[in-house]
Amino acid sequence: MFSRSTSQPTPVRGRFAPSPSGRMHLGNLCCALLAWLSVRSQNGEMLLRIEDLDPDRCTREKAELLMDDLTWLGLTWDEGPGHERTHAPYYQSARRELYESALSELRAKNDVYPCFCTRAELHAVSAPHAGDGTFRYPGLCRNLTPAEAEEKSRTRRPSLRFRAPDESVTFEDLYCGPQNINVQSTFGDFIVRRSDGVHAYQLAVTVDDALMGVTEVVRGRDLLPSTGCQIQLFHALGHTPPHYGHIPLLVNRDGRRLSKRERDLDIGVLRTRFTPEELLGRMANLLGFLDRPEKITLTELIPVYKAWYETADTPKFPKNCVVPDNFAIK
């Protein structure tokens, strides 16, 4: 049974949930740092979860390296791998039964349905939403009869889609301010389990945050639109959503988003050039809550971040943050 949350007050509980598909880069590190500082500045608890649902890209070896990098920088966690407590396991690949339990609950309420559409079929009938490459699902399989679904399943394994209500999802983002997202008009009914049986990010992250008692999520701004999907799933499963804060994407001077291909900003390179205190100072300066890139410890950085958060206007960050060419030059 997919357990329900209680109404008991809980302390601030944040998380960092990286995908071990490669070495972390500067953008991942800034997200981990802000999530950690936000929790520590509120005397809360930090949880580490490894989002390794994709078996083709994620390995335990990469996860171990990721945790070593976090530990090197001092971004320790209260619960997670190596610090097991009541919410284990902490690898999503070991939590599939929990996702299936949630799907069973959604099925019982007719909140999900099978979709037999191929990617090519969807691209043929849809245009990218708002020019950002995101396609809105047009609902082709939404009203299939049981007999029609049975017939189609003989030749193709379906994905599962959530029936997204056609209503606005509103919330106050910790860094971006008031948000209003209509999931149906933006994404349509979204996938919660792929046709190959892999549970989709939207479902897994919602179930994990709910069952692990997460009250605050700090992550990249690219995930801001999909927050509406997760809030709708939280409500459908009878849970209260956490507070969300979305930080700017790091881009180079040409406006291209940083990725794991940016080797100079890979933590493997950064660890050879800086001490943790030097790197922390540079990141804090890049994000705007330290005036200059000076050495600083995490302990010293907590009150600096707290003072910045309490006095900075909202939105507290620009949409994108340009990384200077000399960032990795000592």
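Scroll up for the structure.
Report on the accompanying structure. For every chain, the first residue of its written sequence is number 1, and the numbers climb from 1 along that sequence. Per-residue local features are limited, in this predicted model, to residues with pLDDT of at least 70; the limit for side-chain atom pairs, both in listing and counting, is 80 or more; totals at the level of whole chains, interfaces and linings are taken over all residues. Where side-chain values are given, they derive from all heavy atoms of the structure, hydrogens and water being excluded.

## Some points on helix 7 (residues 201-211)
Rules: Whether a residue is buried, partly exposed or exposed follows from its accessible area with a 1.4 Å probe, protein chains only, as a fraction of its type maximum: under 20%, in between, or over 50%, in that order. Here a helix means four or more residues in a row that DSSP labels H or I, a strand means two or more in a row labelled E, and each is numbered from the N terminus. Here, residues are in contact when the closest pair of their heavy atoms is within 4.5 Å.
Most of helix 7 is tucked away, with 10 of its 11 residues classed as buried. Of all the residues in helix 7, the buried ones are Gln202, Leu203, Ala204, Val205, Thr206, Val207, Asp208, Asp209, Ala210 and Leu211. If you follow the buried residues of helix 7, they end up packed against strand 1 (13-16), helix 3 (96-108), strand 9 (191-193), strand 10 (216-220) and helix 8 (227-236). Gly213 sits one or two positions beyond helix 7 and adopts a positive phi of about 70°.

## Quick look at the environment of Met212
With respect to the helices and strands, Met212 occurs in the loop between helix 7 and strand 10. Residue classification places Met212 among the buried positions, given a relative accessible area of 0%. Through-space distance from the C-alpha of Met212 to that of Ala88 is 8.6 Å; in sequence the pair is 124 residues apart. The contact partners of Met212, leaving out residues within four places of it in the chain, are Arg13, Leu47, Arg49, His87, Pro89, Tyr90 and Arg95.

## Examining the sheet that holds strand 2 (residues 45-48)
Hydrogen bonds between backbone groups are what pair the strands of a sheet, and the pairing can be parallel or antiparallel. For clarity, the cut-off: Pairs of strands are assigned from DSSP output, requiring at least two bridges between the strands. Simply put, an axis is a line fit to the C-alpha atoms, just over the touching stretch for a helix, and the angle between two N-to-C directions goes from 0 to 180 degrees.
Taken together, four strands build an open sheet; the order of strands is 2-1-10-11 and the sheet is parallel. With partners counted over all chains shown, the strands left at the sheet margins are strand 2 and strand 11 (243-247), one partner each. For this sheet, the mean angle separating the axes of adjacent strands, direction not counted, is 25°. When strand 1 meets strand 2, the two strands line up parallel, connected through four bridges. Bridge pairing links Arg15 to Leu47 in strand 2.

## Brief notes about the packing of helix 1 (residues 26-40) against helix 10 (residues 276-287)
When two helices pack together, their arrangement is given by the angle between the helix axes and the distance between those axes. Convention followed: Any angle that falls under 35 degrees is termed roughly parallel, while one over 145 is termed roughly antiparallel, one within 65 to 115 roughly perpendicular, and all others oblique. Here the nonpolar group is Ala, Val, Leu, Ile, Met, Phe, Trp, Tyr, Cys and Pro; Asp, Glu, Lys and Arg are the charged ones; every other residue, Gly included, is treated as polar.
For the pair helix 1 and helix 10, the least separation of the axes is 11 Å and the interaxial angle reads 85°. The angle between helix 1 and helix 10 places the two elements in the roughly perpendicular class. Touching Leu26, Leu29, Cys30, Leu33 and Leu34 of helix 1 are Leu279, Leu280, Met283, Leu286 and Leu287, all from helix 10. Grouping the amino acids of the contact of helix 1 with helix 10 by side-chain chemistry returns 10 nonpolar, no polar and no charged.

## Looking at the pairing of strand 6 (residues 159-162)
On a regular strand, each side chain points to the face opposite its neighbour's, so the side chains alternate between the two faces of the sheet. Covered by surrounding structure in strand 6 are Ser159 and Arg161 together with Leu160 and Phe162, the residues of both alternating faces. Relative to strand 9, strand 6 runs antiparallel, the two being bridged by two bridges. Paired with Arg161 across the two strands is Ile191, which belongs to strand 9.

## Examining the sheet that holds strand 9
If you walk across this open sheet you meet the three strands as 3-6-9, and the pairing is antiparallel. Each end of this open sheet is capped by a strand with a single partner; those strands are strand 3 (112-115) and strand 9. Taking the axes of each pair of neighbouring strands and ignoring which way they run, one obtains an average angle of 45° across the sheet. Sheet contacts for helix 3: strand 3, strand 6 and strand 9; angle to strand 9, the most-contacted strand, approximately 125°.

## Looking at helix 3
In an α-helix, one full turn covers 3.6 residues, which means residues spaced three or four apart are oriented alike. Heads up, the condition is: Each helix should span, by expectation, one fewer than its residue count multiplied by 1.5 Å. Think of it as the arc spanned by the lines of direction from the helix axis to the C-beta atoms.
Taking 1.5 Å of rise per residue, 13 residues should cover 18 Å, and helix 3 covers 19 Å from first to last C-alpha, within 8% of that figure. All of the buried residues in helix 3 are Tyr99, Ala102, Leu103, Glu105 and Leu106. Across the axial projection of helix 3, the buried residues extend over an arc of 155°, all falling on one side. Pointing more than 90 degrees away from the buried face of helix 3 are the exposed residues Glu97 and Ala108. Buried residues belonging to helix 3 abut strand 3, strand 6, strand 9, helix 7 and helix 8. At the exit of helix 3 stands Asn110, carrying a positive phi of roughly 60°.

## Some thoughts on the pairing of strand 11
Put simply, the rule is: Look down the strands so they point away from you; if going from the first strand over the helix to the second traces a clockwise path, that crossover is right-handed.
When you tally the buried positions in strand 11, you get four out of five residues, the bulk of the element. Bridge count for strand 10 against strand 11 is five bridges, and the pairing is parallel. Within strand 11, the position partnered with Gly220 by the bridge is Ile247. Note on the crossover from strand 10 through helix 8 to strand 11: the handedness is right-handed.

## Considering empty space enclosed by the protein
Here is the rule we go by: Lining residues are defined by having an atom within 4 Å of a point belonging to a cavity or pocket. Those points lie on a 1 Å grid over the protein atoms alone, cavities being sets where a 1.4 Å probe fits but cannot get out and pockets being open sets with protein on both sides within 12 Å along at least five of seven lines. Grid points are joined across faces, edges and corners, and a volume is the space filled by probe spheres set on the points.
All told, the structure shown has two cavities of 30 Å³ or more when counted by the stated rule. Contributing to the lining of the largest cavity are Phe16, Ala32, Trp36, Met46, Leu47, Leu48, Leu70, Leu75, Thr76 and Trp77. Top element by residues in the lining of the largest cavity is strand 2. It accounts for three residues. The class makeup of the residues in the lining of the largest cavity is nine nonpolar, one polar and no charged. Here the second largest cavity defines a volume of roughly 40 Å³. Per-class residue counts for the lining of the second largest cavity are three nonpolar, one polar and three charged.

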